[in-house]
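# Remarks on the overall topology
Here is how the chains run, residue by residue.
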Amino acid sequence: MEYGKLGNTDIEVSKLCVGCMSFGKAGTMHDWTLDEAESENVIKHALDLGYNFFDTANGYSAGTSEEYLGKALKKNVARNQVVIASKVYFNEGRLSKQAIMREIDGTLSRLGTDYLDLYIIHRFDYDTPIEETMEALHDLVKAGKVRALGASAMYGYQFYNMQLAARDNGWTPFSAMENHYNLLYREDERELLPICKQMKVSLMPYSPLAAGAFDIKLTAEDLAYLEEPYVPHEIVGAIDKNPAQGVILLDEKK
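On a predicted model such as this, the values are computed, not experimentally measured, just so you know.

### Considering the pattern of salt bridges
Scanning the entire structure with this criterion turns up 15 salt bridges. Two residues, Asp117 and Arg79, come together in a salt bridge whose shortest N-O distance is 2.9 Å. Within this pair, whereas Asp117 is found in strand β6 (residues 116–121), its partner Arg79 is found in the loop between α2 (64–76) and β5 (83–88), the two being separated by 38 residues in sequence. Overall, the relative accessible area of 0% leaves Asp117 in the buried class. In this structure, the salt-bridge partner of Arg186 is Glu227, at a minimum N-O distance of 3.5 Å.

Rendered as structure tokens:
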């Protein structure tokens, strides 16, 4: 396993992160999620391989993903040996101050910990002023409930404006961006990724298409071959408005 720092923080993470959407009570979000025992087996195996970074969300399987992850980690590793990330947005009130304060406490309770290493806003909230959101997130950092902040799947200008709001008010900026990015979907290369690079924000791409092969080193010829057939897509992940309350799987086709 290889490790690196998260953004400008001193938080050291494995360069592969365990996404926890597949953990949780079946039927509460997906029918194919792993039960508590199966989830623990995957988590134990990840720990044995050197993973120390786990990413869940309050909306994954109605909170049971957080519960299963918290119980498995508590049984198998010291808290200070792992980095736990969770998310907020697909909940009542989205990213309002009241919602953030309520949801962080629920997340911490389900995970069985008194702090998160990384708290991620799951999408951009069109209903809440960004200053309200950023100040609320900063208050969590000041209170010791959160060590660092992250964002996920939004337009570049939205992320930039939120970072400016943090900078101009002396609040905690985002250290990580969890965005949809892989060889077949590269739309964030237009704006979001250059902004992240400029601001020294770490990337946590989701749906990376079987990433994990560190032993594989691609040559310039390999990269040119893989990139040649790429065709731009419609934007996936970033949203133009808030979805109806209770909607979580924004990109799922019925």
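### A word on helix α4 (residues 130–142)
The first and last C-alpha atoms of α4 sit 18 Å apart over 13 residues, in line with the 18 Å expected at 1.5 Å per residue. For α4, the complete set of buried residues consists of Ile130, Thr133, Met134, Ala136, Leu137, His138 and Leu140. Among the structural elements, α3 (97–111), β6, β7 (146–152), α5 (156–169) and β8 (174–178) are those in contact with the buried residues of α4. Of the residues trailing α4, Gly144 is marked for its positive phi of about 85°.

### What about helix α1 (residues 36–48)?
Helix length check: α1 (13 residues) gives 18 Å between terminal C-alpha atoms against 18 Å at 1.5 Å per residue, within 8%. Within α1 the residues assigned to the buried category are Ser39, Glu40, Ile43, Ala46 and Leu47. Burial along α1 is one-sided: seen end-on, the buried residues are contained in an arc of 125°. Capping the start of α1 is the job of one residue whose side-chain oxygen sits 3.2 Å from the backbone nitrogen of Ala37: Asp35. Backbone geometry just after α1 places Gly50 at a positive phi near 100°.

### Description of the packing of α2 against α3
It is the contact of α2 with α3, at a shortest axis distance of 7 Å, that shows an interaxial angle of 45°. On the basis of the axis angle, α2 is oblique to α3. Here Glu66, Glu67, Leu69 and Gly70 of α2 come into contact with α3, specifically with Thr107, Arg110 and Leu111. Residues of the contact of α2 with α3, tallied by class, amount to 2 nonpolar, 2 polar and 3 charged.

### Concerning the sheet that holds strand β4 (residues 53–55)
Ordered in space as β3-β4-β5-β6-β7-β8-β9, the 7 strands form an open sheet in which the pairing is parallel. The open sheet terminates on both sides in strands that have one partner only, identified here as β3 (18–19) and β9 (202–203). Pairing of β8 with β9, which is carried by 2 bridges, proceeds in the parallel orientation. The partner of Met177 across the bridge, within β9, is Leu203. Contacts between α5 and the sheet are confined to β6, β7 and β8, with β8 contributing the most and set at about 165° to the helix.

What counts and what doesn't
All residue numbers refer to positions counted from 1 along the written sequence of the respective chain. Local features in this predicted model are restricted to residues of pLDDT 70 or higher, and side-chain atom pairs are both shown and tallied only at a pLDDT of 80 or more, whereas totals for entire chains, interfaces and linings draw on every residue. By convention in this description, side-chain values take in all heavy atoms of the structure and omit both hydrogens and water. Take a side-chain nitrogen of Lys or Arg and a carboxyl oxygen of Asp or Glu: if they are within 4 Å of each other, that pair is a salt bridge. Elements are defined by DSSP. Helices are runs of H or I of four residues or more, strands are runs of E of two residues or more, and each kind is numbered from the N terminus. Exposure is judged per residue with a 1.4 Å probe applied to protein chains only, and the accessible area is read against the type maximum: over 50% gives exposed, under 20% gives buried, and values in between give partly exposed. One less than the residue count of a helix, multiplied by 1.5 Å, gives the span that helix is expected to have. Any pair of residues with heavy atoms lying within 4.5 Å of one another is described as a contacting pair. Here, the arc refers to the directions that run from the helix axis to the C-beta atoms. Think of a polar contact as two N or O atoms within 3.5 Å of one another; within protein, one of them needs to be a possible hydrogen donor and the other a possible acceptor, and neighboring residues in sequence only count if both atoms come from side chains. Convention adopted: a line fitted to C-alpha atoms gives each axis, helices being fitted over their contacting stretch, and angles between N-to-C directions are expressed from 0 to 180 degrees. These descriptions rest on fixed angle ranges, namely under 35 degrees for roughly parallel, over 145 for roughly antiparallel, 65 to 115 for roughly perpendicular, and the rest for oblique. Residue type decides the class: Asp, Glu, Lys and Arg count as charged, Ala, Val, Leu, Ile, Met, Phe, Trp, Tyr, Cys and Pro as nonpolar, and the leftover types, Gly among them, as polar. Pairs of strands are assigned from DSSP output, requiring at least two bridges between the strands.

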